4 protein chains.
Amino acid sequence: MYTRALKDKRSKTVQRIIEAATNVFADVGYNGARVDEIAKKAGVNKATIYYHIGDKEALYAQVLHDVTEDAAERIETSVEKATTPTDKLKAYFLAIAQTVDEHPSLAPLMMREVASGGQNLPVVIAEDLVRIYAILTDIMKEGAASGEFVPAGTLPVHLLYLGPLIFHKNLEACWKTNPGVAEVFARLDEEIYRDFGQNIEARAADEILRLVLRAVETNRK
Amino acid sequence: MYTRALKDKRSKTVQRIIEAATNVFADVGYNGARVDEIAKKAGVNKATIYYHIGDKEALYAQVLHDVTEDAAERIETSVEKATTPTDKLKAYFLAIAQTVDEHPSLAPLMMREVASGGQNLPVVIAEDLVRIYAILTDIMKEGAASGEFVPAGTLPVHLLYLGPLIFHKNLEACWKTNPGVAEVFARLDEEIYRDFGQNIEARAADEILRLVLRAVETNRK
Amino acid sequence: MYTRALKDKRSKTVQRIIEAATNVFADVGYNGARVDEIAKKAGVNKATIYYHIGDKEALYAQVLHDVTEDAAERIETSVEKATTPTDKLKAYFLAIAQTVDEHPSLAPLMMREVASGGQNLPVVIAEDLVRIYAILTDIMKEGAASGEFVPAGTLPVHLLYLGPLIFHKNLEACWKTNPGVAEVFARLDEEIYRDFGQNIEARAADEILRLVLRAVETNRK
Amino acid sequence: MYTRALKDKRSKTVQRIIEAATNVFADVGYNGARVDEIAKKAGVNKATIYYHIGDKEALYAQVLHDVTEDAAERIETSVEKATTPTDKLKAYFLAIAQTVDEHPSLAPLMMREVASGGQNLPVVIAEDLVRIYAILTDIMKEGAASGEFVPAGTLPVHLLYLGPLIFHKNLEACWKTNPGVAEVFARLDEEIYRDFGQNIEARAADEILRLVLRAVETNRK
DNA sequence: GATGAATGAGGGTTCATTCAT
DNA sequence: TATGAATGAACCCTCATTCAT
């Protein structure tokens, strides 16, 4: 909406910087990221980043805000369209999954941020997260009131879906990146595939969603 | 057992180094950690670390291995004592929770490692993880065979518990560390406490366990 | 020629770095050289060296290349002007002597490089040396064919002049530098001076040239 | 003689240290040598070296002295057996060649020492060298007096043989060590071998000797 | 608006040397 | 006599940041 407009008004240079920074931060985290590399990937001089955006921390904040804001908007829109608590909950989770899918940088970014105790987390981002969190709080209250859901805290439920999802996303990267580890996990993959009788990567999000709904809903399938 | 004996045989110096390194890595991750600081916290010269253990990477491996090996042993022992699949699953999860509780560094360490795609993950650690993973595979197969569990992949179930647990552990740190973020989340906390009518921190692990069991068991309470 | 032009286009900073590096490498060799000292002597920050040139090895390569390239060009030009094999041979040797004279760093640099088995010798330099070597090969063939020279391998003849020349150049430095050694050699110097009836330093190159020509030429004087 | 006796009296430990040090210094020079590596190759603890011999510099002096002393003795013995100046000169050169052959470390050691202006050269060594040098001075005087030799300075003649010899010895190492350089020089080797019609390595010392004698003798073959 | 050049402040690692045992 | 442990002092290199142009 208005934030979108703001983003579109950004100059080509700034856009390229943000994009490059997003990728680099996602790949190697805040501490691992090099301003040099971001500048190179953006095709601009290092000093240009300082001119347009500011220091490394400001750049990081910008990158995080871009994606959390997007997530908040998408979730709000999705949930509004649903009617029953169950449908709203599904919409909430699916919107999260979609965001994570479309922003491959989000998963590692979040994990790292959480892992570091939010040291580099700007307040703007926290507000985005609160906005998202509030939506689920409403859904859970409504579901518990109607008897559709087991009474459960917002945070546990949120994490029950987000935790496995993010972990799984990052594990895929682990398997692809680290040859030594990949080799060791190879045996497991076979078993996993056999368990599901199909490709685990494609099914993982669905499977997690199924389990979380079983945990929350009173009505068993 | 024998690994414990090995650990106990370590010299005072090595013990102090490992301990300091564990804390520093947990606090700021691999990239953020400074060998200088680890040495200082251990009360030894920087070169002493290189003499006894090796470079930064070797030190990291040692730290990770110490805790994953411990976890693997604890889980194996716990699960062996249980009989039914449900009890075994509970034992499995509780042993994980205990390990995470006793090693406050484990949660951030794991998140960061996963977030970075296992870039710094030594193969020794991967083997520990495989060992753990194999235990759950057996439990899930047994439970599905006896009809006690819904058929479910090992990985989703593992992550369904570990994901929320680790996330929650780290979030506690976030709340305590970051003043800006803490303030924003303050409102949420109130609601959460009201939902449960008690201290969330104490209940979180239990609540997650309850939900995961609901997700997996056919006979839900 | 064109390489000269290239060198002249170098910025003041780069020129100062190369110059300082040349001196330091010549004084203490590759292993003994300290990047810090080179930076200090060049009057630039250490990082500036890395910005403009690269790591220590690249700097060394640049320094060596500068002088070997110069030598190759000078020798080629000199030899082209001569006609008979004997004159060409003299021109070849004199050009070498001139280069060694004008680049006081060359002698120690070469000895050290040869002494270390060419461990730090970049391929670019090797190519310069081959270029030089090829010239002598032609001269020797021509001289042997015309009957002016004894048949002799290129390498022995090259070394027959270069070896004593370089050794002598470095020995001068020994005498000047090391007080203990100088004292011991003092007696010898007296005898040497008496043998020649004049200053050895001034005559050394000439004397070596005379002997080498006697060794190679069929026609005795 | 008496020095030999001294050497034989050295304990096994000291012998092993000296031997290891000789090899290491020859391979990588004084600056490149690591006390750690010498200790390892000698199979003793690093501190043992300090206990028995002293610091790195003392160790270096010991190593150099061992070999120069040996050379001086060998040359004296050889030359004493010869009668004519020509035979004495040959004996002198051959004894040098033998020493260099039997102590593969000597060539690089000398080059490096000379290259560094004798910075690390202990006075004991200088005395050995003077002793050697004095022998040649006598031979040259006798030969010039008898008319067998062209009048020539001791130093030029000494270097005329030693220079090419040492250079050639080290170049062999260059060719074997550095793959990049070896490749470039490959073409030359072919030509050299063709020139001689046989293996250059085996003939090099002979060829150099032949040329030096041609340079010095009045009666050239 | 954009950049090439330059740098201060470390970062990880190495190494000759010492010392208690 | 011999050693494992420990260290201070560097060493090479990197990187976020600034500034003149």
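This one's a predicted model, so the numbers in the text were calculated from it and none came from an experiment.

Can you help me understand the overall build of chain A in this one?
Of regular secondary structure, chain A possesses eleven helices and zero strands. Traced from its N-terminal end to its C-terminal end, chain A shows the element sequence α-α-α-α-α-α-α-α-α-α-α. Counting all 221 residues of chain A, 57% fall into the buried class. For chain A, the share of sequence-separated contacts (at least 6 apart) that also reach a separation of at least 24 residues comes to 71%. Of the accessible surface of chain A, which amounts to about 9,800 Å², a share of 53% is contributed by carbon and sulfur atoms.

It is not clear to me how the protein's contact with DNA strand F should be interpreted in this structure. Could you clarify?
The local shell around DNA strand F holds 32 residues, among which B:Thr13, B:His52, C:Lys46, D:Asn45 and D:His52 are the closest. Note that a phosphate oxygen of DNA strand F is positioned 3.1 Å from one of the side-chain N or O atoms of C:Arg34. D:Asn45 places a side-chain nitrogen or oxygen 2.9 Å from a phosphate oxygen of DNA strand F. If you list the elements that add at least two residues to the surface near DNA strand F, you get α3 (35-42) and α4 (46-52) of chain A, α4 (46-52) of chain B, α4 (46-52) of chain C together with α4 (46-52) of chain D. Among the elements that make up the surface near DNA strand F, the one with the highest residue count is α4(D) (five residues). By residue class, the composition of the surface near DNA strand F is 14 nonpolar, eight polar and ten charged.

Mind showing me how you'd approach the packing of aromatic side chains here?
For any two aromatic rings, the description comes down to two numbers: the centre-to-centre distance and the angle of the planes. Inspection of every chain in the model, using the stated rule, returns 20 aromatic pairs over all chains. Relative to B:Tyr30, the ring of B:Phe25 lies with its centre 6.0 Å away and its plane at 5°, an arrangement referred to as stacked. For B:Phe25, a relative accessible area of 0% corresponds to the buried category. Geometry around A:Tyr30 places A:Lys56 over its ring, the cationic atom sitting 4.7 Å from the centre.

What's the story with the pattern of salt bridges in this structure? I'm lost.
Pairing between side chains becomes possible if they bear opposite charge and their charged atoms approach one another. Summed over all chains, the structure comprises 34 salt bridges over all chains. Ionic pairing is found between C:Asp66 and C:Arg10, a salt bridge with its closest N-O pair at 2.5 Å. You can see C:Asp66 sitting in helix α5 (residues 56-81) and its partner C:Arg10 sitting in the loop between α1 (2-8) and α2 (12-32), a full 56 residues away along the chain. If you follow the salt bridges from partner to partner, you end up with B:Asp70, B:Arg74 and B:Glu102 in one network.

Even after reading the chapter, I still don't get the packing of helix α5 (residues 56-81) of chain A against helix α8 (residues 123-146) of chain A, so can you show me in this structure?
Angle between the axes and distance between the axes are the two parameters that describe a pair of packed helices. All names here are of chain A. The geometry of α5 relative to α8 is characterised by a closest axis approach of 8 Å and an angle of 20° between their N-to-C directions. Taken together, α5 and α8 sit at an angle that is classed as roughly parallel. As for the relative orientation of α5 and α8, their crossing is left-handed in sense. Between α5 and α8, the residues in contact are Ala61, Leu64, His65, Thr68, Glu69, Ala71, Ala72, Glu73, Ile75, Glu76 and Val79 and Val124, Ile125, Asp128, Leu129, Arg131, Ile132, Ile135 and Ile139, respectively. Looking at the contact of α5 with α8 residue by residue, the classes come out as twelve nonpolar, two polar and five charged.

Would you mind going over the protein's contact with DNA strand E with me for this structure?
Inspection of the region around DNA strand E gives 33 residues, with A:Asn45, A:His52, B:Tyr50, C:His52 and D:Arg34 positioned closest. Taken together, the sugar and phosphate atoms account for 66% of what DNA strand E places within 4 Å of the protein. A:Thr13 is positioned with one of its side-chain polar atoms (N or O) 3.2 Å from a phosphate oxygen of DNA strand E. Contributing elements (two or more residues each) for the surface near DNA strand E: α4 of chain A, α4 of chain B, α4 of chain C together with α3 (35-42) and α4 of chain D. Residues of the surface near DNA strand E, tallied by class, amount to 14 nonpolar, eight polar and eleven charged.

Would you mind showing me how to read helix α6 (residues 85-102) of chain A here?
Given 3.6 residues per turn, any residue in an α-helix points the same way as the ones three and four places further on. With 18 residues, α6(A) extends 25 Å between its outermost C-alpha atoms, agreeing within 8% with the 26 Å of an ideal straight helix rising 1.5 Å per residue. Of all the residues in α6(A), the buried ones are A:Pro85, A:Thr86, A:Lys88, A:Leu89, A:Ala91, A:Tyr92, A:Phe93, A:Ala95, A:Ile96, A:Ala97, A:Thr99 and A:Val100.

Explain the side chain of C:His158 to me, please; I cannot follow it from the model alone.
All names here are of chain C. Take histidine 158: it is sitting in helix α9 (residues 154-177). Within the local environment of histidine 158, its side chain forms a polar contact with the side chain of tyrosine 92, the two groups lying 2.7 Å apart. Not counting residues within four places of it along the chain, the set of residues in contact with histidine 158 comprises Tyr92, Ile96 and Leu136.

Would you mind showing me how to read the nonpolar core here?
Membership of the largest hydrophobic core comes to 91 residues, with the highest contact counts inside it found for C:Leu89, C:Tyr92, C:Tyr161, C:Phe167, D:Leu89, D:Tyr92 and D:Tyr161. Aside from chain neighbours lying at most four places away, what touches C:Tyr92 is C:Ile75, C:Val79, C:Ile132, C:Ile135, C:Leu136, C:Ile139 and C:His158. Among the nonpolar cores identified, the runner-up in size contains 90 residues, and A:Phe167, B:Val67, B:Met111 and B:Ile166 belong to it.

What am I meant to see in helix α8 (residues 123-146) of chain D here?
Residues and elements named next belong to chain D. Relative to the 34 Å expected for 24 residues at 1.5 Å per residue, α8 spans 35 Å between its end C-alpha atoms, a close match to the ideal helical length. For α8, the full list of buried residues reads Ile125, Ala126, Asp128, Val130, Ile132, Tyr133, Ile135, Leu136, Thr137, Ile139, Met140 and Gly143. Looking one or two residues beyond α8, the residue adopting positive phi is glycine 147, at roughly 85°.

Could you clarify how one ought to interpret the confidence of the model for chain A in this entry?
When pLDDT drops low, the exact placement of atoms in the prediction is not to be read closely. All names here are of chain A. Averaged over all residues, the pLDDT of chain A equals 81, while 79% of them reach at least 70. Mean pLDDT values for the elements of chain A range from 57 in helix α1 (residues 2-9) up to 94 in α3. Contacts of residues 196-200 to residues separated by more than four positions or lying in other chains number nine contacts, the stretch itself having pLDDT below 50.

Help me understand the environment of A:Ile139, please; the structure alone is not making it clear to me.
Residues and elements named next belong to chain A. By secondary structure assignment, the location of isoleucine 139 is in helix α8. Taking the relative accessible area as the measure of exposure, isoleucine 139 reaches 2% and is therefore buried. Sequence-wise, isoleucine 139 and alanine 205 are 66 residues apart; in three dimensions their C-alpha atoms are separated by 21 Å. Setting aside its immediate chain neighbours within four residues, isoleucine 139 contacts Val79, Pro85, Lys88, Leu89, Tyr92 and Phe149.

How should the packing of helix α2 (residues 12-32) of chain A against helix α2 (residues 12-32) of chain B be read in this particular structure?
Packing of α2(A) against α2(B) leaves a shortest axis separation of 8 Å and a crossing angle of 115°. Accordingly, the angle class assigned to the pair α2(A) and α2(B) is roughly perpendicular. Contact residues: α2(A) offers A:Val28, A:Asn31 and A:Gly32, while α2(B) offers B:Val28, B:Asn31 and B:Gly32. Residue classes in the contact of α2(A) with α2(B) are distributed as two nonpolar, four polar and no charged.

Honestly, the environment of B:Leu136 in this entry has me stumped. Any pointers?
All names here are of chain B. By secondary structure assignment, the location of leucine 136 is in helix α8 (residues 123-146). Leucine 136 sits in the buried class, given a relative accessible area of 0%. Note: C-alpha distance between leucine 136 and isoleucine 75 (61 residues apart in sequence) is 9.8 Å. For leucine 136, the residues in contact, after removing those within four places along its chain, are Leu89, Tyr92, Thr154, Val157 and His158.

What should I look at first to understand the environment of B:Asp87 in this one?
Note on placement: B:Asp87 falls in helix α6 (residues 85-102). Separated by 42 residues in sequence, B:Asp87 and B:Asn45 place their C-alpha atoms 49 Å apart.

The rules we used
Residues numbered from 1 in each chain as written. Chains lettered and ligands numbered in written order. Predicted model: local features only at pLDDT ≥ 70, side-chain atom pairs only at ≥ 80, totals over all residues. Heavy atoms only, no water. Helix = DSSP H or I, 4+ residues; strand = E, 2+ residues; numbered from the N terminus. Buried < 20%, exposed > 50% of the residue type's maximum accessible area, 1.4 Å probe, protein only. Contact = heavy atoms within 4.5 Å. Areas by Shrake-Rupley, 256 points an atom, 1.4 Å probe, with all protein chains shown as cover. Near = heavy atom within 4 Å. Polar contact = N/O pair within 3.5 Å; in protein donor to acceptor, adjacent residues only side chain to side chain. Nonpolar A, V, L, I, M, F, W, Y, C, P; charged D, E, K, R; others polar. Phe/Tyr/Trp six-rings, centres within 6.5 Å; stacked < 30°, edge-to-face > 60°. Lys NZ or Arg CZ within 6 Å of the ring centre and 35° of its normal. Salt bridge = Lys/Arg side-chain N within 4 Å of Asp/Glu carboxyl O. Axes fitted to C-alpha atoms, helices over the stretch in contact; angles between N-to-C directions. Parallel < 35°, antiparallel > 145°, perpendicular 65-115°, else oblique. Left-handed = near helix turned anticlockwise from the far one by under 90°. Expected span 1.5 Å × (residues − 1). Core = buried A, V, L, I, M, F, W, Y, C linked by side-chain atoms within 4.5 Å. pLDDT = per-residue confidence, 0-100.

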